[in-house]
Amino acid sequence: MDDLALHARVQAGDPSALEELYGRYAPSAFGLALRVTGDATLAQDVVQDAFLALWDRPRAFDPDRGPLRTWLLALVHHRAVDAVRREARLRERATRAANLEPPAVEDPADEVVEDADLAERRRRVREALAGLPADQRRVIEMAYFDGKTQPEIASELKIPLGTVKTRTFAAMRRLRAAMEGPARAEVASDGRAGGRAGGWEDA
Amino acid sequence: MSDPHDEALLAGYVLGALGPEDERAAERHLREHLPGCASCRATLEELRSVAGELALAAAPRRPPALLLPRLRRAVERRARTRRLRPASVAAGVVLAAALGGLGIVRGGPGGVAEAGLLTQLSPEHLDQALALTARTDAQAVAVGPATEVHAPGLDHFYVFGRDVPLPPPGSVYRLWLVGAAGYRYLGEFRPAPDGTVVLRIEAQPQAWDGVLVTLEPAGSAPSEPGRPMWSSAG
Ligand SMILES: [Zn+2]
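Residues numbered from 1 in each chain as written. Chains lettered and ligands numbered in written order. Predicted model: local features only at pLDDT ≥ 70, side-chain atom pairs only at ≥ 80, totals over all residues. Heavy atoms only, no water.

A. Spatial organisation of the overall build of chain B. From N to C terminus, chain B includes five helices and 10 strands. In chain B, buried positions account for 53% of the 234 residues. Within chain B, counting contacts between residues at least 6 apart in sequence, those at least 24 apart form 63% of the total. Within the structure as shown, chain B displays about 10,200 Å² of accessible surface, and the carbon and sulfur contribution to it stands at 53%. (Helix = DSSP H or I, 4+ residues; strand = E, 2+ residues; numbered from the N terminus. Buried < 20%, exposed > 50% of the residue type's maximum accessible area, 1.4 Å probe, protein only. Contact = heavy atoms within 4.5 Å. Areas by Shrake-Rupley, 256 points an atom, 1.4 Å probe, with all protein chains shown as cover.)

B. Here's a closer look at the pattern of salt bridges. Residue and element names in this part refer to chain A. Under the defined criterion, the tally for this structure stands at 24 salt bridges over all chains. Among the ionic pairs, Arg-24 bridges to Asp-3, the shortest N-O distance being 2.6 Å. Pair noted here: Arg-24 is in helix H2 (residues 15-37) and Asp-3 is in helix H1 (residues 3-11), with a separation of 21 residues, a long-range link. One salt bridge connects Arg-176 with Glu-180, and the closest N-O pair in it is separated by 3.6 Å. Of this pair, Arg-176 and Glu-180 both sit in helix H8 (residues 161-187), separated by four residues, roughly a single helical turn. Given the relative accessible area of 13%, Arg-176 is considered buried. (Salt bridge = Lys/Arg side-chain N within 4 Å of Asp/Glu carboxyl O.)

C. Spatial organisation of the coordination of the zinc ion. All names here are of chain B. Taken together, His-5 (ND1), His-33 (NE2), Cys-37 (SG) and Cys-40 (SG) make up the protein donors of the zinc ion, found 2.0 to 2.3 Å from the metal. Classification of the site at the zinc ion as tetrahedral follows from its four donor atoms and the range of 104 to 118° in their angles at the metal. All donors of the zinc ion belong to a single chain; written as a sequence motif, their spacing is H-x27-H-x3-C-x2-C. With a relative accessible area of 0%, Cys-40 lands in the buried category. (Donors = N, O, S within 2.8 Å, 3.2 Å for Na, K, Ca; no water. Tetrahedral: all angles 85-135°; square planar, octahedral: opposite > 155°, others 65-115°.)

D. A look at the sheet that holds strand E10 (residues 227-231) of chain B. All names here are of chain B. With respect to topology, four strands assemble into an open sheet ordered E7-E6-E9-E10, the strand pairing being antiparallel. For this open sheet the edge positions go to strand E7 (182-189) and E10, each flanked by a neighbour on one side alone. On average, each strand axis in the sheet is tilted by 30° relative to the strand beside it, whichever way the strands run. (Pairing = 2+ DSSP bridges. Axes fitted to C-alpha atoms, helices over the stretch in contact; angles between N-to-C directions.)

E. How the structure looks around the interface of chain A and chain B. Contacts between the two partners involve 66 residues from chain A and, on the opposite side, 53 residues from chain B. A combined buried area of about 5,700 Å² lies between chain A and chain B, and 59% of that area is made up of carbon and sulfur atoms. Among the residues chain A hides against chain B, the three largest losses belong to Tyr-22, Arg-57 and Arg-65 of chain A. Together they make up 13% of the total. Where chain A meets chain B, there are eight salt bridges. The partner of Arg-70 of chain B in a salt bridge is Asp-45 of chain A, and the shortest N-O contact between them spans 2.7 Å. For the interface between chain A and chain B, the tally reads 15 residue pairs in polar contact (both at pLDDT 80 or more). (Buried area = accessible area lost by both parts, 1.4 Å probe. Polar contact = N/O pair within 3.5 Å; in protein donor to acceptor, adjacent residues only side chain to side chain.)

F. Here's a closer look at the pairing of strand E4 (residues 146-150) of chain B. Residues and elements named next belong to chain B. Within E4, five of the five residues are buried, which leaves the element mostly enclosed by the surrounding structure. The alternating pattern of E4 places Ala-146, Glu-148 and His-150 on one face and Thr-147 and Val-149 on the opposite face, and all of these are buried. Linking strand E3 (residues 139-143) back to E4 in an antiparallel pair, the connection comprises two residues, with Gly-144 at a positive phi of about 60°. What sits between E4 and strand E5 (residues 157-161) in their antiparallel hairpin is a turn of six residues, with Gly-153 showing a positive phi close to 85°.

Note that every value here comes from positions in space, so none of it alone points to a role or purpose.
Below, the structure is given as structure tokens:
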């Protein structure tokens, strides 16, 4: 059953559909929340909140605007960043590594089996990130994965705010080009993959 | 802002990384510039899809086994609450009715106020309204310091704002639909202490000319609109 059918069942109030979506996306959601918060307890709360939000207001997801997975993970990201900022306000966090990369050797119990499409997308976005110039990658990682605001990034890197902004935009543009190239042919496979021609010419 | 098509602003926006000042600028930009600029709307969508894919750069991790049963219990609790109080508590929202504002409009031109047409959402739900604003077919209209946003095909719309002044002590804001046939009373609302207001209205705005916000003495009968404050109608 595809995501949209499951979404329709969630909308109709069928909890088993929510559980099926959980089975599908909880590992992505938890991995993301863990990376942003760096805290397994917070990350669990974030994941639970996101799935509950889907349950409570399924119509907040608009199928015309992209796949359910993207929407759900954006929600997870948003809440994870909120949690980090809330926590940061409450107490001065011990300086943690700027990047909580997953341990090189993962516990085999943690290993997640995913469908081929998701794994392929993952590979592509990682490659695109790895292909960014280091200074661009840094602002993206600080913003997206560490939940820092652009003024915070500017003061931490001791560069002007305007530089952070242009660097961020340049990075996003490059990421898109990198992900778009090989992605194009494959977009048709799920029909909604987010590729749309035009609107963003390379300048 | 010197650059009318501020794409860099949109990039920070989709990453959720703007500072407070730029955040406000972005919201204004989405509201005022994007509805009329196809190129920026397309850029926003592209940026959004890039940001969406970034989520996949984090390694997937199996969540603790206890999380699913926890989620299941939370869903069951909500199912019970839902039966008790339809469509309200489940969403973690505050019904305007709970504020005591939803009386019956006696003999008013708009007829009877129907409970539940107006829902005041907590400030953290502002993103729902903003998400609608970013839709390519969305229409945004100013309602004083707030914004009304709607889109074709939806049976609800939003009125939201971030700098709505608190009503003077002893008075309340009331929201009305304005149409050729008269007014329909929706209920009272109150800005959060920081001035944020997020209202969801269960009505098709196409059937009405707009909304009207009035300032009225607390506890007075909402028989017809009192002192008009702001309106999106003509
Ligand atoms: Zn523009």
